[in-house]
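# Results of the structural survey
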Amino acid sequence: MRSIFLLVTALIWSLNSVATVESPSALTFTETQGKTAIEIIDKLSTRHYRKLSLDDDLSSAYLDKLLETLDPGKAYFYAADVKRFEKLRSKFDDFFRTGNLAPGFEIYNLYRDRVSSRLMAIVAELEDPETQYDFTKDEFLDNDREAAPWPKDKAASDELWRKRVKASVLSLKLSGKTIEESKTTLVRRYKNQITRLQQQDREDVFETLINALTLLYDPHTNYLSPRTLENFNINMSLSLEGIGAVLQTEDEFTKIVRLVAAGPADKSGQLKPADKIIAVGQGKDGELVDIVGWRLDEVVQLIRGEPNTIVRLQVQPANADATAIKVVTINRERVKLEEQAAKKAVFELKDGNTTYKLGVIDIPAFYLDFEAYRKRDPNYKSTTRDVMKLLRELEQEQVDGIILDLRNNGGGSLQEATTLTDLFIDPGPVVQIRQSNETISRFHRSRSRALYRGPLLVLINRLSASASEIFAGAIQDYGRGIIVGSQSFGKGTVQSLTGLQEGQLKITESKFYRVSGESTQHRGVIPDIALPNLIDEAEVGESAYPNALPWDKIHPVPHEKYYDITQLMRDINPQHESRVAVNPDFNFLRDQLNLVTELKEKKQLSLNEQKRLAEKEALDKRNLLSENARRIAKGDKPYANIEALKAANEADSEQAMSGLVQIDTEKDAMLREAGFVLADFIASQREESASKLADFR
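To keep things clear, this report deals only with the structure shown in the data block. The shown structure was predicted, so the numbers you read here are calculated from the model rather than taken from an experiment.

This paragraph deals with the overall build of the protein. From N to C terminus, the protein includes 23 helices and 21 strands. Its C-alpha atoms give the protein principal-axis dimensions of about 95 × 70 × 45 Å. Buried residues in the protein amount to 52% of all 697 residues. Relative to all contacts within the protein whose residues are 6 or more apart in sequence, the contacts with residues 24 or more apart total 75%.

Structure, rendered in structure tokens:
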């Protein structure tokens, strides 16, 4: 014990030497936090699905994750700092076992001092009236510093920050601000960050240090401090009572993860996953408050508000030029259950000489009114009950086949995913769940004869997650219908909350598997027929998270096969490909995908104003040409200029906000192509039935 104590003491002393002068406001950990750290280590070792050894390898990965968490842009620490941290690379496992958090706190205190001195220097520079920026020089700022080296010293860091500040001033100037207004905005931003830095306490530090460890296990395992625990339902309350968006922090920005179906943000039509919110304003005319660098709970408090009040978000759209900043006006309201409820539509498609009458059921979420259900209210709301009613109505309307639209369905009740499957398959298993101790349960089953036995197609996209993937995976494994769209999200893990001496731990304890034995984790559901996807899979989805649990397989369970979908695809896929090759909407989507790829491949941001203006003009011109090519091909009048196109997009957004979200069978290219695929499916089955009848005769 004495030798361990001496080793730890020596290492603490050696790390203290990293900071040349210890800040008088240096933060230290408490005895309770030390005990909580030991408790967390025990729970991670015994209960987490991923079995990681607390050893030197994990310690090494922890140092990298901690530095990435604190300084993802490699803008504050110097190379010499990181070199001195190397002496601790294999020691963090020993520190955590004994509850010694001093080394982590020392690294954090140095980081805090570096940030504070850097931000104060930037504010002084921006407030100096003599500070000028030359936007005629051909300078560039690297867009991605993940692979960049740490600044060699303070001089190298100064040069990096000179370019970063210059880039920020230029972006604000190109968005319509004067130089002085741009400087004022940045001064306010950096002063806010300084204030928040000074308000940090040991609870914030402890949470940061522990989560750098939990994220090595998987992205959904997190330590929740007492303060964060109070805001654990932060996204739920925001999603149901604010704008209808789930948010997360990425570097200094607040990023939209997903939109709640039928929520205010969804109905606005102006926000997309991976968009970054950079400022928030209250009412129609309230000042936009810059929130870059704010904590997530603080951002949420600003966005949250009373129903029927207005909030304005200044947003940098995903996959767009850095200057493409827009302001989105949203009317706060609680997401109404009736707006999230499943709804139907009927449309006709003419394929050759045959007209098909098709039903569509849009399922925004897997919902269940648990309170009414527990009270045995005979009229409780649930996805399954609503879809059952719609199925009966569609069969009365004598549709030839049905499309279930699960696009943007982020999941919900596992029970509802199971009971919904029960409407389409006969009794059999729906999903397997493997616990961290490797026991497997198969209790979630279809238990009655299928209500609907006709032709079925399920439409999914990258935002179809969790319960949506369980349902779509079961339909695919049983060969019950065709899955069309894009690869789903890949969320196939289950978390639970467990109490600690201080705070709580959200820990991943089990994993979903399909009846085929394949996991829904990471890979999600791969459609039988793929459609173009504008959502960047590198930005959105389980595979976008570092250390996400991998895809794997377990033993399949016996299950029925309704159709040989693989054989059907040999006939249906060529017909699909020939249609989309000449479809104006899909040509437009392909052009947009190419543009997104080109923007992502840009490794540097020009700091030359004329070049940036030329890039923006070229981007606007390309978007206008692409949209007009689509309109001309469809027989519509082209837009005269980019302003007319933007005005039309804004008008569409305002119209979308004016009422309930409806199924648009005319303008929705994905839905119409899904209809043609279903029509091909129906035709093939009619031909097969006719062939069998001829053979019988």
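Checked against the element boundaries, Ile122 lands in helix H6 (residues 102-127). Given the relative accessible area of 5%, Ile122 is considered buried. Separated by 31 residues in sequence, Ile122 and Asp153 have C-alpha atoms that sit 17 Å apart. Those residues in contact with Ile122 that lie beyond four places of it in its chain are Trp161, Val165 and Tyr190.

So, about the packing of aromatic side chains. Under the defined criterion, the tally for this structure stands at 17 aromatic pairs. Both rings, one in Tyr133 and one in Phe135, keep their centres 6.2 Å apart while their planes meet at 15°; by these two values the pair is stacked. For the pair formed by Tyr133 and Phe135, the shared burial category is buried. Ring centres of Phe366 and Phe471 lie 6.5 Å apart, and the angle between their planes is 45°; on these two criteria the pair is classed as tilted. Highlighted residues: Phe366 in the loop between strand E10 (354-362) and helix H15 (370-374) and Phe471 in helix H18 (residues 467-477), separated in sequence by 105 residues. For the pair shown, Phe366 and Phe471 are each scored as buried. Ring pairing ties together the aromatic residues Tyr76, Phe77, Phe85, Tyr108, Tyr111, Trp150 and Trp161, which thus form one cluster. Between the NZ or CZ atom of Arg630 and the centre of the ring of Phe588, over which it lies, the distance is 3.8 Å.

Let's shift gears to the packing of H6 against helix H9 (residues 202-214). One can describe the packing of H6 onto H9 by two numbers: an axis separation of 10 Å at closest approach and a directional angle of 110°. Between H6 and H9, the angle is such that the two are roughly perpendicular. Two packed elements cross with a definite hand, and for H6 against H9 that hand is right-handed. Touching Gly104, Phe105 and Tyr108 of H6 are Arg202, Val205, Phe206, Thr208 and Leu209, all from H9. Tallied by class, the residues present in the contact of H6 with H9 amount to 5 nonpolar, 2 polar and 1 charged.

A separate point is the pairing of strand E19 (residues 504-513). Burial runs high along E19: 9 of the 10 residues are buried. Here strand E2 (residues 222-224) runs beside E19; their pairing, made up of 3 bridges, is antiparallel. Looking across to E19, one finds that Asn222 is bridged to Lys506. As defined by bridge partners, strand E13 (residues 432-435) adjoins E19 across 4 bridges and the pair is classed as antiparallel. Bridge pairing in E19 links Arg434 to Lys511. In this sheet, E19 lies alongside strand E18 (residues 493-499) in antiparallel orientation, the contact comprising 7 bridges. Within the sheet, the bridge partner assigned to Leu497 lies in E19 and is Lys506. Once E18 ends, the chain turns through 4 residues before running back antiparallel as E19, passing Gly503 with a positive phi of about 85°.

Overall, the coordinates contain 46 salt bridges when judged by the stated rule. A salt bridge links Arg188 to Glu287, with the shortest nitrogen-to-oxygen separation between them at 3.7 Å. Taken together, the positions of Arg188 in helix H8 (residues 179-199) and Glu287 in the loop between strand E5 (276-282) and strand E6 (289-290) put the pair 99 residues apart, joining distant regions of the chain. The exposure class assigned to Arg188 is partly exposed, which follows from its relative accessible area of 32%. Here the salt bridges do not stand alone but share partners, grouping Lys137, Glu139, Glu159, Arg162 and Lys166 into one network.

Further remarks concern the packing of helix H3 (residues 56-70) against H6. Remark: H3 packs on H6, axes separated minimally by 11 Å, with the N-to-C direction vectors making an angle of 25°. With respect to H6, the axis of H3 lies roughly parallel. With respect to the hand of their crossing, H3 and H6 are arranged in right-handed fashion. Contacts between H3 and H6 pair Leu63, Leu66, Leu67 and Leu70 from the former with Ile107, Tyr108 and Tyr111 from the latter. Here the residues of the contact of H3 with H6 are counted per class, giving 7 nonpolar, no polar and no charged.

The next point concerns the nonpolar core. Core analysis: the biggest nonpolar cluster contains 63 residues, and Tyr62, Phe77, Ile107, Leu126, Tyr190 and Leu213 have the highest contact counts within it. Looking at this core, the element that brings in the most residues is H6, giving 10 residues. Ignoring any residue separated from it by four or fewer positions in sequence, one finds Phe77 in contact with Leu67, Leu70, Asp71, Val82, Phe85, Ile107, Leu110, Tyr111, Trp150 and Pro151.

In this structure, Lys74 is a non-glycine residue whose phi angle is positive, near 50°. Here Lys74 is to be found in the loop between H3 and helix H4 (79-85). Here the phi dihedral of Asn408 falls at roughly 65°; this positive angle occurs in a residue that is not glycine. On the secondary structure map, Asn408 appears in the loop between strand E11 (401-405) and helix H17 (414-421). Look at Asn408 and you get partly exposed, because its relative accessible area is 35%.

What counts and what doesn't
Residues numbered from 1 in each chain as written. Predicted model: local features only at pLDDT ≥ 70, side-chain atom pairs only at ≥ 80, totals over all residues. Heavy atoms only, no water. Helix = DSSP H or I, 4+ residues; strand = E, 2+ residues; numbered from the N terminus. Buried < 20%, exposed > 50% of the residue type's maximum accessible area, 1.4 Å probe, protein only. Contact = heavy atoms within 4.5 Å. Phe/Tyr/Trp six-rings, centres within 6.5 Å; stacked < 30°, edge-to-face > 60°. Lys NZ or Arg CZ within 6 Å of the ring centre and 35° of its normal. Axes fitted to C-alpha atoms, helices over the stretch in contact; angles between N-to-C directions. Parallel < 35°, antiparallel > 145°, perpendicular 65-115°, else oblique. Left-handed = near helix turned anticlockwise from the far one by under 90°. Nonpolar A, V, L, I, M, F, W, Y, C, P; charged D, E, K, R; others polar. Pairing = 2+ DSSP bridges. Salt bridge = Lys/Arg side-chain N within 4 Å of Asp/Glu carboxyl O. Core = buried A, V, L, I, M, F, W, Y, C linked by side-chain atoms within 4.5 Å.

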